[in-house]
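Spelled out from the first residue to the last, the chains are:
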Amino acid sequence: MSPQRHAFVLAALAATGCFYDPKVVVTTDTGSTGLSDTTGGLPTSTDDVGTGVCGNNQVDGNEQCDDGNDVAGDGCENDCTTTPGADCGNGMLDPGEECDDGNLVAMDGCENNCTETASSPRCGDGMINGDDECDDGNRDNTDACTNTCENAMCGDSHIQVGVEACDDGDQNSDTAYDGCTPQCELGPRCGDGVVQEAEGEQCDDSTPDGDDLCNNCVTTPYRYIFATSQTFKGDLNKLSGADIKCAAAADSANVPGDANWKAWLSDSIESPASRMDSTFSGWYVLPGPDPLLVARGWAGLTSGTLLNPINRDENGNSIAPGASAWTNAAADGTIFALDGHCSTWDSFNGTGNIGNPNAADGTWTSTGVASDCNTAHHIYCVQN
């Protein structure tokens, strides 16, 4: 087509409202390629389509983005690469990142926007290239090869699973409390079984998270509870007489603590709930070389379920199977029966209600059985 003929066609199209699309390829009579426009950042030829013309508002070729402008810092840079996230370059694989080699250098296998250079050797491709010490093809910092393709080692701030207990990097120290040693082992801390008084530890039983006599290396208050080694008939000389028997038993065995002892007994007026400290929140424990936990506080003692039965005496010795203890007290510490107390624990006549020292459920204090007051049973004694 002659230039004059071409100009005439364009003018005719414009006059009829049909506008020229510069991407349309017009074939000449001889089979040659037609014209295209280069304005507006559009492709300069048909070969440009799909090869990545930055600024044409379409992602093509090797572009990561294309927002149709050349404004930097708007999320899509003027070279059609995405803006790196705030954590790009910190050596850690953060959300949204394909890689992070600890720098913002382009074309080194991990781009400065933390995307991988697919066509270049890179850390994580499973091949040892360039400065790689290793490359296991993953981005896991907890194995033998870090995500920067360096051999894992103590002091690199990454905990190698199964090899290191900790790793604080440059902060590793032999003396730092609650820290990590230069050998990547746990340093002095609550739970190591050693009382570090300089660090404020009162105790250390190696179980800092357990609810016992040492919680987070601070001593938990506790009081003793036991069943008397001696047995007594129902004539206890009232509640006060039973209290005296408890104090005498504790004194004879040198049970630690003060002499404020109460018998776990109810008559028709008073009960453990009215006679004892119901605000106590520490542990009740059994005497012995290794104090045994019974219940956490008054709430635990009166919950109907004990952690361990009250089956040790003041000396820490076991109470015989099948033994019983005078009580007439319900599991919540109140009166079990108005007539189950051997005439207010002052007579061999009548009956009194008993509990089972070898039980951890509510029957420890109320079996529902009334025993003849002329028979002998143990007494529960509680440090109050």
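Residues numbered from 1 in each chain as written. Predicted model: local features only at pLDDT ≥ 70, side-chain atom pairs only at ≥ 80, totals over all residues. Heavy atoms only, no water.

Considerations on the confidence of the model for the protein
Short version of the rule: pLDDT expresses how confident the predictor is about each individual residue, on a scale running from 0 to 100. Every residue pair with non-hydrogen atoms within 4.5 Å of one another is taken to be in contact.
In the predicted model, the protein carries a mean pLDDT of 84, and 83% of its residues have values of at least 70. Contacts from residues 1–50, a stretch scored under 50 in pLDDT, to residues over four places away or in other chains number 33 contacts.

Things to note about the packing of aromatic side chains
The relative placement of two aromatic rings is captured by the distance of their centres and the angle of their planes. This is how the line gets drawn: Pairing of aromatic rings covers Phe, Tyr and the six-membered ring of Trp, with a centre-to-centre limit of 6.5 Å; geometry is then stacked below 30 degrees between planes, edge-to-face above 60, and tilted otherwise. Only DSSP runs of H or I with at least four residues qualify as helices, and only runs of E with at least two residues qualify as strands; both kinds are numbered from the N terminus onward. Only protein chains enter the area calculation, which uses a 1.4 Å probe; residues under 20% of their type maximum are buried, those over 50% are exposed, and those in between are partly exposed.
On inspection of all chains with the given rule, the structure shows seven aromatic pairs. A ring pair is formed by tryptophan 264 and tryptophan 298, whose centres lie 6.0 Å apart and whose planes are at 45°; its orientation type is tilted. Of this pair, tryptophan 264 sits in the loop between strand E4 (261–263) and helix H3 (272–275) while tryptophan 298 sits in helix H4 (residues 297–301), and the two are 34 residues apart along the sequence. Taking relative accessible area as the criterion, tryptophan 264 reaches 0% and is therefore assigned buried.

Here we look at the state of the cysteines
Our working definition: Any two cysteine sulfur atoms lying within 2.5 Å of each other are counted as a disulfide.
A complete count under the given rule lists nine disulfides for this structure. Each sulfur of the disulfide joining cysteine 190 and cysteine 217 lies 2.1 Å from the other. Measuring the twist about the S-S bond at about 105°, one finds the cysteine 190-cysteine 217 disulfide to be right-handed. Of this pair, cysteine 190 sits in the loop between helix H1 (3–15) and strand E1 (214–215) while cysteine 217 is found in the loop between E1 and strand E2 (218–219), placing the two residues 27 residues apart along the sequence. Here cysteine 203 connects covalently by a disulfide to cysteine 214, the sulfurs 2.1 Å from one another.

What about the pairing of strand E3 (residues 222–227)?
Here is the rule we go by: DSSP-based pairing: two strands are paired if at least 2 bridges between them are found.
Taking burial as the measure, the six residues of E3 include five buried ones, the bulk of the element. Alignment of E3 against strand E5 (residues 283–286), held across three bridges, turns out to be parallel. Among the inter-strand pairings, tyrosine 222 is bridged to a residue of E5, identified as tryptophan 283. Taken together, the three bridges between E3 and strand E10 (residues 378–383) define a ladder with antiparallel strand orientation. The residue bridging alanine 227 from the neighbouring strand is tyrosine 380, located in E10.

Description of the nonpolar core
To keep things clear, this is the line we draw: In these notes, a set of buried Ala, Val, Leu, Ile, Met, Phe, Trp, Tyr and Cys residues joined through side-chain atoms within 4.5 Å is what counts as a nonpolar core.
Counting 25 residues, the largest nonpolar core has Leu236, Trp261, Leu265, Trp345 and Ile379 as its most contacted members. Taken together, the elements giving at least two residues each to this core come down to E3, helix H2 (238–252), E4, E5, helix H5 (342–345) and E10. For this core, the element with the highest residue contribution is H2, accounting for six residues. Not counting residues within four places of it along the chain, the set of residues in contact with tryptophan 261 comprises Tyr224, Phe226, Asp243, Cys246, Ala247, Ala250, Val255, Cys381, Val382 and Gln383. Counting residues in each nonpolar core, the second largest holds 21 residues, with Met276, Ala329, Trp364 and Val382 among its members.

A word on the side chain of glutamate 164
Where we set the bar: We call two N or O atoms a polar contact when they sit within 3.5 Å, provided that within protein one can donate a hydrogen and the other can accept it, with sequence-adjacent residues counted only if both atoms are side-chain atoms.
On the secondary structure map, glutamate 164 appears in the loop between H1 and E1. Within the structure, the side chain of glutamate 164 is placed 3.2 Å from the backbone nitrogen of cysteine 154, a separation counted as a polar contact.

A short note on the environment of glycine 191
Mapped onto the elements of the fold, glycine 191 is located in the loop between H1 and E1. C-alpha separation for the pair glycine 191 and aspartate 178, spaced 13 residues apart in sequence, amounts to 9.7 Å.

Side note on the pattern of salt bridges
Which entries qualify depends on this criterion: By definition here, a salt bridge exists when the distance from a side-chain nitrogen of Lys or Arg to a carboxyl oxygen of Asp or Glu is within 4 Å.
A full pass over the atoms with the stated rule returns six salt bridges. A salt bridge links arginine 223 to aspartate 277, with the nearest nitrogen and oxygen atoms 3.2 Å apart. Separated by 54 residues along the polypeptide, arginine 223 in strand E3 and aspartate 277 in the loop between H3 and E5 bring together distant segments of the chain. A residue is classified by how much of its surface remains accessible, and arginine 223, at 18% relative accessible area, is buried. For aspartate 277, a relative accessible area of 22% gives the class partly exposed.

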